[in-house]
Amino acid sequence: MGLEHTSVTVEPGAEANESISAVPMPAHLDPWERRLLADPDLLADLAFAMGGPFHVMYPPRVGHNIRAFHAAFTQAGVHGTVYYGKKANKAGCVARACAENGAGVDVASVGELTAALAQGVRGAELMVTGPVKADELLWLAARHGALIAVDDLGELDRLAALATVSEPARVLIRVLPTASASRFGMTPGEIDDALAIASGHDSIRLEGFSFHLSGYDAVARAELAGELIAHCLHARALGHPATTVSIGGGFGVDYVAADAALEFTARVGRQWFHSGKSFDSYYPYHFPVPGAAMLAQILEHEDLAGRLRDNAVRLAIEPGRALLAHAGCTVFRVQGSKTRHAHGRPYRLLTVDGTSLSLSEQWFDSEYLPDPVLWPERPGAVTPTSVGAATCLDSDMLSWRRVPLPRAAEAGDLLIYPNTAGYQMDSNESAFHELPIPPKVVLHDAPGDRFRWTRDGS
Ligand SMILES: *Cc1c(COP(=O)(O)O)cnc(C)c1O
C-alpha cells in the first residue's frame, strides 16, 4: 500500500540535515485503515458521494479502546469507570459506542449532555465537568442524576439550591493540584469550605474528588490520586459517602514509531518547511506507554490499586483522545499541484479541497506530524510535498513541512491523514469561506470482509 516510505535521497555532497524534505513519519495504521486503503473503490466512491473533504469513523475501534481500559481495571482488581471526554470528538457514533460498551461520557455543556443522552448514555453514566457551570447545565445534570465535578464554591451553593433533598445532586469536588497555576479546581481552604457547604445541605451528596492534569505523566496522576484518597477518608469522617476519585484524562496515544520521532526531533529545521516556517513544539506523537497501558502504569505506581481496594474507592477516568486512538481518519482531495523550489531543489505544493480547521494542531501553533497517505498507490519517485488549504489565507496550511510522499501527487488524488479522531478532526471546524463542514462517514463491518457506511447522526 505504499505505506512503507523509502528514505529520502540526499544530493551527493550535501549534509543530511540540508535536505529540503522532512524525514518520513509514517503513522501506525489499524487493520481497518489498511482495509480501507486497500479497497480499490471505496475511498474514491466516498469522495465522489461527499463532494468535498470528509472524516471516516470506525466505532468498533472505540469499543476496543474502552474494553482495554476495562481490562486494565480488572487486572489490577480495581473498581473503575470510564467516562469519555466528549470534547475530543463530536461524532454521535462515539457516544453510541460508549453506551454499547459500558462507558459513561464526560460532558461540559448542555449540547454535549443532550447529545450523549440521545445516543443512549444514561444520566447516571454522565460526568459533568467544566469551569463554573451555568444554572441550566447544573439543573439538567441534577435532574438526570449525573455526577457533577464542582469547580467553585459559588457553583456548589447554586447547585445546593437547585437540587432537592429527595434527589440530591451527586457531587465531586475538583481539586487544584498543589503548585499548579491552573484556573480550574479548589484550593485547600476552598475544599474545607466546600465540605462545610455539603454538610449543611441535604440536597448535596458528596461522592468524592476529581482532578484533570495537563501533560501525560503517569506518576503525577498516581500521586495526586493518592492525595484524593486521603481527601475521601477525611470527607467520610465528616459523614459524606466519598467513594469516587476521578483522575481526569490525558492518556497518551502512540501515532508514530520511536525511531521516526527521534530522527524528526534530532534533525528538524526550517529547511524542511515551506517558506522556512518553524514551530516551537510538537505534540508527543510517539508515546511508548499509551492508553490502557498508561492506566495500568498509574495503578501500579506505589500500589495505587491496593490503596483504592483497601479503601473501597472507585477510580474514574475521563480519557478523550485515548478513547479515539486509531478510530478515525480525514480524507481530502488534491485540487491542484504546483512545483516550487527551495535551495534550488524542487518540491510539490498541493492545494486540497478543505482547510486546516479539520486538522486542528494549528490551534496550538504547531503541526500534525503523522504523514498523510497518498491514494491511490502508484509507482513513482519520492517527492517532498507541502499541503495547503482551499482558502485565501497564505497561512492556512495542512502540512508546512515537506512530507516525502512516495510519488508526485496530482489533481484528483486523495490525501488521507490518519488517526485524526482525537481533537484533530472537528474541534476547530467552521464554515469559513462558506465551505461546508466536512461530514463524518461511519464505517460498519459487512459480510464478506466488506465495509458499509452511513453518515454520522450526531
Ligand atoms: C479535556 C478533558 C478531558 C480529556 O482529556 P484528554 O487529554 O483528551 O484525555 C478529561 N477531563 C477533563 C476535565 C477535561 O477537561
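Because the structure is a prediction, the values reported are computed rather than measured. (Residues numbered from 1 in each chain as written. Predicted model: local features only at pLDDT ≥ 70, side-chain atom pairs only at ≥ 80, totals over all residues. Heavy atoms only, no water.)

Caption draft 1: Region of interest: the packing of helix H9 (residues 218-237) against helix H11 (residues 291-300). In contact at an axis separation of 8 Å, H9 and H11 are set at 50 degrees when each is read in the N-to-C sense. Our classification of the angle between H9 and H11 gives oblique. Taken as a pair, H9 and H11 cross one another with a handedness that is right-handed. Each of Ala 218, Arg 221 and Ala 222 in H9 lies in contact with H11, whose residues at this interface are Met 294, Gln 297 and Ile 298. (Axes fitted to C-alpha atoms, helices over the stretch in contact; angles between N-to-C directions. Helix = DSSP H or I, 4+ residues; strand = E, 2+ residues; numbered from the N terminus. Parallel < 35°, antiparallel > 145°, perpendicular 65-115°, else oblique. Left-handed = near helix turned anticlockwise from the far one by under 90°. Contact = heavy atoms within 4.5 Å.)

Caption draft 2: The arrangement of the site of the ligand in detail. Lining the immediate environment of the ligand, one finds Lys 87, Asp 106, Thr 129, Arg 174, His 212, Gly 249, Gly 250, Glu 318, Pro 319, Gly 320, Arg 321 and Tyr 423. Between the ligand and Gly 250 there is a distance of 2.8 Å, counted from an oxygen atom to a backbone nitrogen or oxygen. Residue Arg 321 places a main-chain N or O atom 2.9 Å away from an oxygen atom belonging to the ligand. Calculation on the ligand without its partners gives an accessible area of 390 Å², and the protein chains cover 87% of this total. One can see that the ligand is located within the largest pocket. Here the residues of the shell around the ligand sort into 2 nonpolar, 5 polar and 5 charged. (Near = heavy atom within 4 Å. Polar contact = N/O pair within 3.5 Å; in protein donor to acceptor, adjacent residues only side chain to side chain. Areas by Shrake-Rupley, 256 points an atom, 1.4 Å probe, with all protein chains shown as cover. 1 Å grid on protein atoms, 1.4 Å probe; cavity = no way out; pocket = protein on both sides within 12 Å on 5 of 7 lines; lining within 4 Å. Sits in = over half its atoms within 2 Å of the grid points. Nonpolar A, V, L, I, M, F, W, Y, C, P; charged D, E, K, R; others polar.)

Caption draft 3: Broad picture of the layout of surface pockets. One number sums up the size of the largest pocket: a volume of about 1200 Å³. Listed by contribution, the elements that provide at least two residues to the lining of the largest pocket are strand S3 (104-107) and H9. Here the residues of the lining of the largest pocket are counted per class, giving 17 nonpolar, 15 polar and 9 charged. (Points joined across faces, edges and corners; volume = space filled by probe spheres on them.)

Caption draft 4: How the structure looks around empty space enclosed by the protein. Per the counting criterion, the structure on display carries 1 cavity of 30 Å³ or more. In this structure, the largest cavity occupies an estimated 40 Å³ of space. Around the largest cavity, the lining residues are Leu 29, Glu 33, Leu 36, Leu 37, Cys 329, Val 373, Ile 416 and Pro 418. When contributions to the lining of the largest cavity are tallied by element, the ones reaching two or more residues are helix H1 (31-38) and strand S15 (414-418). No other element matches H1, which puts 3 residues into the lining of the largest cavity.

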